[in-house]
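# Structural overview for review
This is what each chain is made of:
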Amino acid sequence: MIVAIDGPAGSGKSTIARELAQRFGFEKLDTGAMYRAVAFMAADRGIDLDDEQGVEALARTITIRFAPVEGALRITVDGRDVSREIRTPAVDATVSKVAAYPGVREAMLEPQRAVAEGHDIVAEGRDIGTVVFPDAEVKVFLTADPRERARRRVLQRHGGDAPDAEALEREVEETLAAIERRDAADAGRAVAPLVEAPDAVEIDSTAHTIDEVCDRIARLIEERR
Ligand code: C5P
């Protein structure tokens, strides 16, 4: 069984995919991490991100894998653990550029599909229900108000100790601008844009907790299993 969760940046896809994968014993596939790994490796190897052919050649030659290390899922590129490096603001700001290159997307497709072979999976990204797994049994398009998505991102970044109200508000504004730039780039690209699949169930999580959203998707999974 394939559960596809698509949606804009910061809508809670990762948290919800992790929770559902745990509940049902499914594999989890974070496709955004793969595009992030390409963006990070290009910068690391000094490849100009405007050099489409150079970035595409890189995407075709690297091997990206997910492997559990001490209970946490790590992402490696040719054996190097880049889990931390792919979550920086620099990667946030550049990933949409490499993700828009058709050759990069093509290079990611086969390894993404390979994860589903012989496994039930929860896959999350932007084009899972439309391009990667158009026949997925459950398709969810997860959204939330942009300001709420920015607020959650900032709180998540600070863990338990949030900054004072003024600093928080400033950071939320900055994060909101970055999220909106990324969504516009992802929705506006020619190949596999961020768009809701016609047969997806749209869930707006603005006023709901993670558990409530998971329960709703869990019901869809149980109905279609
Ligand atoms: O999900 P996450 O925010 O980590 O994704 C990072 C970026 O990777 C997105 O902004 C988008 O440009 C790209 N992406 C994509 N297709 C996917 C998943 C992510 O283009 N299926």
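For clarity, every value in this text was computed on a predicted model and none was experimentally measured.

## Regarding the site of the ligand
Looking at the ligand, there are 15 residues lining it, with Arg36, Arg105, Asp127, Arg182 and Asp186 nearest. Within the side chain of Arg105, an N or O atom sits 2.7 Å from an oxygen atom of the ligand. Between the ligand and the protein, one listed contact pairs an oxygen atom with a side-chain N or O atom of Arg182 at 2.8 Å. Every element with two or more residues in the shell around the ligand is listed here: helix 2 (31–44), helix 4 (89–99) and helix 8 (165–188).

## Some words on the UniProt feature "binding site: ATP" (unreviewed entry) in the chain
Per the UniProt entry, the sites bearing "binding site: ATP" (unreviewed entry) are Gly7, Pro8, Ala9, Gly10, Ser11, Gly12, Lys13, Ser14 and Thr15 in this numbering. For Pro8, the location among the structural elements is in the loop between strand 1 (2–6) and helix 1 (13–24). Using a relative accessible area of 8% as the deciding quantity, one classes Pro8 as buried. Not counting the four nearest positions on each side in its chain, Pro8 is found in contact with Lys13, Arg126, Phe141, Leu142, Thr143, Arg149, Asp183 and Leu194. In this structure Thr15 touches Gln156 and Ile210, once residues within four positions along its chain are discounted.

## Digging into helix 1
Under the 1.5 Å per step criterion, the end-to-end length of helix 1 is 16 Å for twelve residues, consistent within 8% with the ideal 16 Å. Among all positions in helix 1, only Lys13, Ile16, Ala17, Leu20, Ala21 and Phe24 are buried. One face of helix 1 carries all of its buried residues, which in axial projection span an arc of 130°. In this structure, the buried residues of helix 1 make contact with strand 1, strand 2 (27–30), strand 6 (121–125), strand 7 (138–143) and helix 9 (210–224).

## Details of the packing of helix 7 (residues 146–158) against helix 8
Relative orientation of the contacting elements helix 7 and helix 8 amounts to 120°, with a least axis distance of 8 Å. One element, helix 7, and the other, helix 8, form an angle in the oblique class. For the pair helix 7 and helix 8, the sense of crossing is right-handed. Listed contacts from helix 8 to Pro146, Arg147, Arg149, Ala150, Arg151, Arg153, Val154, Leu155, Arg157 and His158 of helix 7 are Leu168, Glu169, Glu171, Val172, Glu173, Thr175, Leu176, Ile179, Glu180, Arg182 and Asp183.

Analysis parameters
- Residues numbered from 1 in each chain as written.
- Predicted model: local features only at pLDDT ≥ 70, side-chain atom pairs only at ≥ 80, totals over all residues.
- Heavy atoms only, no water.
- Near = heavy atom within 4 Å.
- Polar contact = N/O pair within 3.5 Å; in protein donor to acceptor, adjacent residues only side chain to side chain.
- Helix = DSSP H or I, 4+ residues; strand = E, 2+ residues; numbered from the N terminus.
- UniProt positions renumbered as here; feature names shortened; annotations may be inferred.
- Buried < 20%, exposed > 50% of the residue type's maximum accessible area, 1.4 Å probe, protein only.
- Contact = heavy atoms within 4.5 Å.
- Expected span 1.5 Å × (residues − 1).
- Arc of directions from axis to C-beta.
- Axes fitted to C-alpha atoms, helices over the stretch in contact; angles between N-to-C directions.
- Parallel < 35°, antiparallel > 145°, perpendicular 65-115°, else oblique.
- Left-handed = near helix turned anticlockwise from the far one by under 90°.

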